[in-house]
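Remarks on the overall topology
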Amino acid sequence: MVRVLICDKLPVIRSGLRAWLEHEPDVEVVDTTGSGLHAIALARRTRPDVVVTGLELHGLNGADMIRQLTSPDHGPAPRVIVYSVSDVDDVVGEVLHAGASGVLVKDADREELAYAIRAVAAGEAMLAPAVARRLVNWFRRRDTHPEATLSAVVETLTPREREVLLLLAEGMQPDDIAEKLYIGVATVRTHIYRLRGKLDLRDRAQLVSFAYRAGLMRPGTTSPSSDRR
């Protein structure tokens, strides 16, 4: 069973999401709340695998709640899915940087929500296709400078790890990366696992954020070469 905590300011949304998930045999809703502070307390007490949350909460906004929920200072952290995101691109970047593992848009249906819950519970990242496209476009439009502290970390990556990271940042899936680089999917997943370990990141969403914050994805950046190695 995947244990889920639901958070949203509006009771009707909390009730609706709970009703949806009651139809899923492998999902258990442990509780619901409209308060960000209460959500943190509930998460520490009930230990959900996944927190599904809106960004409008009483007492503490969604991004700040996510930062506290995913902080390593409080033991194993739940995965977080932000539900019902609007079309504001910088909000998507903020919640991913805060530690969310999934982002769904406001018109997501029950099947998408259930799929996202299972995916993030298994350690994957889950971005609605529209969110992924907007996020990539938003990062490419930004005139950002790489964070100086990340330069030394980038230097620890092997050329192949950097290739895989760049392709992840472009929104490619492991199967597509394997085909482009002429390597096996298992090898790609191994590189992703090593990247997460080297960079101390939890999932692919944070790897994408790192690539942009480190200055690896600038306007005009081209995909890595697909030559055989």
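Residues numbered from 1 in each chain as written. Predicted model: local features only at pLDDT ≥ 70, side-chain atom pairs only at ≥ 80, totals over all residues. Heavy atoms only, no water.

**Quick notes on the overall build of the protein**
Along its length, the protein carries 11 helices and 6 strands. By residue count, 51% of the 229 residues in the protein fall in the buried class. Total accessible area on the protein is roughly 11200 Å²; 50% of this is exposed by carbon and sulfur atoms. (Helix = DSSP H or I, 4+ residues; strand = E, 2+ residues; numbered from the N terminus. Buried < 20%, exposed > 50% of the residue type's maximum accessible area, 1.4 Å probe, protein only. Areas by Shrake-Rupley, 256 points an atom, 1.4 Å probe, with all protein chains shown as cover.)

**A word on the environment of Arg 79**
Mapping Arg 79 onto the fold places it in strand 4 (residues 79-85). Each residue touching Arg 79, except ones within four places of it in the same chain, is listed here: Asp 49, Val 50, Val 51, Ser 101, Val 120, Gly 123, Arg 196, Arg 202 and Asp 203. (Contact = heavy atoms within 4.5 Å.)

**A word on the pairing of strand 1 (residues 2-7)**
Where burial is concerned, most of strand 1 is hidden: 5 out of the 6 residues are buried. Bridging between strand 1 and strand 2 (residues 27-33) involves 6 bridges; their strand directions are parallel. Its bridge partner being in strand 2, Cys 7 is matched across the sheet by Thr 33. In this fold, the crossover linking strand 1 to strand 2 by way of helix 1 (residues 11-21) has right-handed handedness. (Pairing = 2+ DSSP bridges. Right-handed = clockwise from strand over helix to strand, strands pointing away.)

**Some details on the packing of helix 10 (residues 185-199) against helix 11 (residues 204-213)**
Relative to each other, helix 10 and helix 11 sit at 70°, their axes nearing to 11 Å. Here helix 11 runs roughly perpendicular to helix 10, going by the angle between their axes. Relative to helix 11, helix 10 is oriented so that their crossing is left-handed. Here Arg 189, Ile 192, Leu 195, Arg 196 and Leu 199 of helix 10 lie close against helix 11, whose contacting residues are Arg 204, Leu 207 and Phe 210. (Axes fitted to C-alpha atoms, helices over the stretch in contact; angles between N-to-C directions. Parallel < 35°, antiparallel > 145°, perpendicular 65-115°, else oblique. Left-handed = near helix turned anticlockwise from the far one by under 90°.)

**As for the pattern of salt bridges**
Taken as a whole, this structure holds 8 salt bridges when the rule is applied. The residue Arg 118 makes a salt bridge to Asp 26 at a minimum N-O spacing of 2.8 Å. Of this pair, Arg 118 sits in helix 5 (residues 110-121) while Asp 26 sits in the loop between helix 1 and strand 2, and the two are 92 residues apart along the sequence. A relative accessible area of 31% places Arg 118 in the partly exposed class. Arg 67 is the partner of Asp 64 in a salt bridge, and the nearest nitrogen-oxygen pair spans 2.7 Å. Of this pair, Asp 64 and Arg 67 are both found in helix 3 (residues 62-69), 3 residues apart, which corresponds to roughly one turn of the helix. Its relative accessible area of 37% is what places Arg 67 among the partly exposed residues. Put simply, Glu 24, Asp 26, Arg 110 and Arg 118 are held in one network by salt bridges that share partners. (Salt bridge = Lys/Arg side-chain N within 4 Å of Asp/Glu carboxyl O.)

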